[in-house]
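Residues per chain are reported as follows:
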Amino acid sequence: MSGNTWGFEGVSFHEIIGHRRPLEILRKAMLRGRLAHAYLFTGPDGVGKRTTALKFAKAVLCGKGAGDSCGQCPSCLKVESLNHPDLLIVEPRGGQILVDQVREIHDRLLFKPLEGEARVIILDNAHNLNPQASNALLKILEEPPGGNIFVLVASSEGSLLPTIVSRCQRLYFGPLMDHELMVFLVERLGLEADRAKEVARQARGSISAALELGDKPLGTWKEEARRILEMGTGEQSSPLLNLASAWSKERKEAIERLECLRMEIREALVQEARRRPRESGPRKIQARRVEELLWMWRESSKTMQALERNMNVQLAMEELLMGFREIRASRTGSLYLTWIRRS
């Protein structure tokens, strides 16, 4: 039902990064033999929901582990290779989970587990269940055959039928802490501490984002972001348009660069907050600079959202950077009025 697209197969349940509370709930349920018939894992993309679902299945199906997998028995090895007969992984086809896929699950449930006392069914991206598939799944969850454990992995509860959500034990997986990502990047990927710190900060709590950013030139992006923030009021259009073009090659990378820019804006705001001007003149200048940085933060965030909604990347980046030039040039006037006019 699924290709081998699932990462971190060598990690045991107890080695999962972060998510202490949901992991503890699952571990106690396994130790007490009181597993629910259905779980719903929700949270942002890339934080480890899928990995946890697979490691949970591995622990449940393990013939030797107690609240975890041994990683060595035939059952564990079969789960690692996604070839265990009592593990079903259902993923969207053409962007949706179809009713035929749910019917296939139903047909499998007519038989007892083949190798043990339990069978685990993982529905990845369950928020992509189409209406017919949702209704078919609901019927299964209303009277689930014993020995079967469902794990639905979804972006949010609101993306599923309330009646499906009500039949699942709900566990939320939030963004990871920066220090948790740092540990992962240093200990498992071998990144230098300083590099891991920068990547962790920009990954916004996502392991998958951290993995992708590990090979990106964050230092160059940071230098460009600082140059943008400190551009002179007489900055010509051509360099900015060239920079916008460089930032627009790929939508995903443009969003990553904007996050780097927002980090630099945040750092600049922190620096301004630490300053203590002793005269009214410098204090007035500082207030304008803070107002300017807050405007830049807001516009950068709006541009990120626009790119996520498939706005033209080149146009969005050009508008943003030219707007930065305008806000710098407006220092002699009211920045607040400029802010209101562009909102």
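Scoring rules and cut-offs
- Residues numbered from 1 in each chain as written.
- Predicted model: local features only at pLDDT ≥ 70, side-chain atom pairs only at ≥ 80, totals over all residues.
- Heavy atoms only, no water.
- Phe/Tyr/Trp six-rings, centres within 6.5 Å; stacked < 30°, edge-to-face > 60°.
- Helix = DSSP H or I, 4+ residues; strand = E, 2+ residues; numbered from the N terminus.
- Buried < 20%, exposed > 50% of the residue type's maximum accessible area, 1.4 Å probe, protein only.
- Lys NZ or Arg CZ within 6 Å of the ring centre and 35° of its normal.
- pLDDT = per-residue confidence, 0-100.
- Contact = heavy atoms within 4.5 Å.
- Pairing = 2+ DSSP bridges.
- Axes fitted to C-alpha atoms, helices over the stretch in contact; angles between N-to-C directions.
- Expected span 1.5 Å × (residues − 1).
- Salt bridge = Lys/Arg side-chain N within 4 Å of Asp/Glu carboxyl O.
- Parallel < 35°, antiparallel > 145°, perpendicular 65-115°, else oblique.
- Left-handed = near helix turned anticlockwise from the far one by under 90°.
- Nonpolar A, V, L, I, M, F, W, Y, C, P; charged D, E, K, R; others polar.

*Asks:* Help me understand the packing of aromatic side chains, please; the structure alone is not making it clear to me.
*Replies:* Considering all chains together, one arrives at 3 aromatic pairs under this definition. Plain terms: the ring middles of F41 and F173 are 4.9 Å apart, the flat faces sit at 45 degrees to each other, and that makes the pair tilted. With F41 in strand β1 (residues 38-42) and F173 in the loop between β5 (169-172) and α7 (178-187), this pair connects stretches of sequence that are 132 residues apart. Side by side, F41 and F173 carry an identical accessibility label, which is buried. Its end group placed over the ring of W297, R262 keeps NZ or CZ at 4.4 Å from the ring centre.

*Asks:* Looking at this structure, I do not really get the confidence of the model for the protein chain. What am I missing?
*Replies:* Any region with low pLDDT has predicted coordinates that should not be read closely. Mean pLDDT over the protein chain stands at 81; residues scoring 70 or higher make up 83%. Throughout residues 332-341 the model reports pLDDT below 50, and contacts reaching past four residues in sequence, or to other chains, amount to 15 contacts.

*Asks:* What's the story with the sheet that holds β1 in this structure? I'm lost.
*Replies:* Strands in a sheet are paired, the pairing made by backbone hydrogen bonds, and the direction either parallel or antiparallel. As summarised here, the arrangement of the 5 strands in space is β2-β3-β4-β1-β5, forming an open sheet in which the pairing is parallel. Strands with a single pairing partner mark the edges of an open sheet, and in this sheet they are β2 (87-90) and β5. Adjacent strand axes in the sheet meet at a mean angle of 15 degrees when their direction is disregarded. In this sheet, strand β4 (residues 148-154) lies alongside strand β3 (residues 119-123) in parallel orientation, the contact comprising 5 bridges. Paired with I121 across the two strands is F150, which belongs to β4. Here helix α4 (residues 99-109) sits on the sheet and contacts β2, β3 and β4; the angle it forms with β3, its principal contact strand, is near 175 degrees. Running over the sheet, helix α5 (residues 131-142) touches β1, β3 and β4 and is turned about 140 degrees from β4.

*Asks:* How should unusual backbone geometry be read in this particular structure?
*Replies:* In this structure, L82 is a non-glycine residue whose phi angle is positive, near 60 degrees. Given the relative accessible area of 18%, L82 is considered buried. Residues other than glycine seldom take positive phi values, yet N310 does so here, at roughly 75 degrees.

*Asks:* How do you make sense of the pairing of β1 when you look at a structure like this?
*Replies:* For a regular strand, side chains alternate in direction, first toward one face of the sheet and then toward the other. Along β1, 5 of the 5 residues are buried, which leaves the element largely enclosed by surrounding structure. Burial along β1 is two-sided: the residues A38, L40 and T42 and Y39 and F41 are all buried. Looking at chain direction, β1 and β4 are connected through 5 bridges and run parallel. Across the sheet, F41 pairs through a bridge with V153, a residue of β4.

*Asks:* Explanation requested: α5 in the structure shown.
*Replies:* Turn by turn, an α-helix covers 3.6 residues, leaving residues three or four places apart pointing in a common direction. Taking 1.5 Å of rise per residue, 12 residues should cover 16 Å, and α5 covers 17 Å from first to last C-alpha, within 8% of that figure. Taken together, the buried positions of α5 are A133, S134, A136, L137, L138, I140 and L141. Where α5 is buried, its residues touch β1, α4, β3, β4 and α6 (162-165).

*Asks:* It is not clear to me how the environment of A246 should be interpreted in this structure. Could you clarify?
*Replies:* Checked against the element boundaries, A246 lands in helix α11 (residues 237-246). Under the relative-accessibility criterion, A246 is labelled partly exposed at 27%. Between the C-alpha atoms of A246 and Q314, which are 68 residues apart in sequence, the distance is 9.0 Å.

*Asks:* How should the pattern of salt bridges be read in this particular structure?
*Replies:* Once their charged atoms are close, side chains differing in charge can pair, the charge on each being opposite to the other. Applying the stated criterion across every chain, the model contains 12 salt bridges. A salt bridge links E157 to R170; the shortest N-O distance between them is 3.6 Å. Taken together, the residues span a long stretch of sequence, with E157 in the loop between β4 and α6 and R170 in strand β5 at a distance of 13 residues. Of the residues examined, E157 reaches a relative accessible area of 33% and is grouped as partly exposed. When the shortest N-O distance is used, the salt bridge between E253 and R257 registers 3.1 Å. Separated by 4 residues within a single helix, E253 and R257 lie in helix α12 (residues 251-274), roughly one turn from each other. Its relative accessible area of 18% is what places E253 among the buried residues. Taken together, the salt bridges that share partners define one network made up of R50, E91 and D124.

*Asks:* Honestly, the packing of helix α1 (residues 20-32) against helix α2 (residues 49-61) in this entry has me stumped. Any pointers?
*Replies:* A packed helix pair is summarised by two numbers, namely the angle formed by the two axes and the spacing between the axes. The interhelical angle for the contact between α1 and α2, taken along N-to-C directions, is 15 degrees, at an axis separation of 11 Å. By the criterion of interaxial angle, the relationship of α1 to α2 is roughly parallel. Considering how the two elements wind past one another, α1 and α2 form a crossing that is right-handed. Here L23, L26 and M30 of α1 come into contact with α2, specifically with T52, F56, A59 and V60. Looking at side-chain class alone, the contact of α1 with α2 contains 6 nonpolar, 1 polar and no charged residues.

*Asks:* Would you take a moment to explain the environment of N242 for this structure?
*Replies:* Relative to the helices and strands, N242 is located in helix α11. For N242, a relative accessible area of 54% translates into the label exposed. As a C-alpha pair, N242 and E318 span 76 residues in sequence and 9.0 Å in three-dimensional space.

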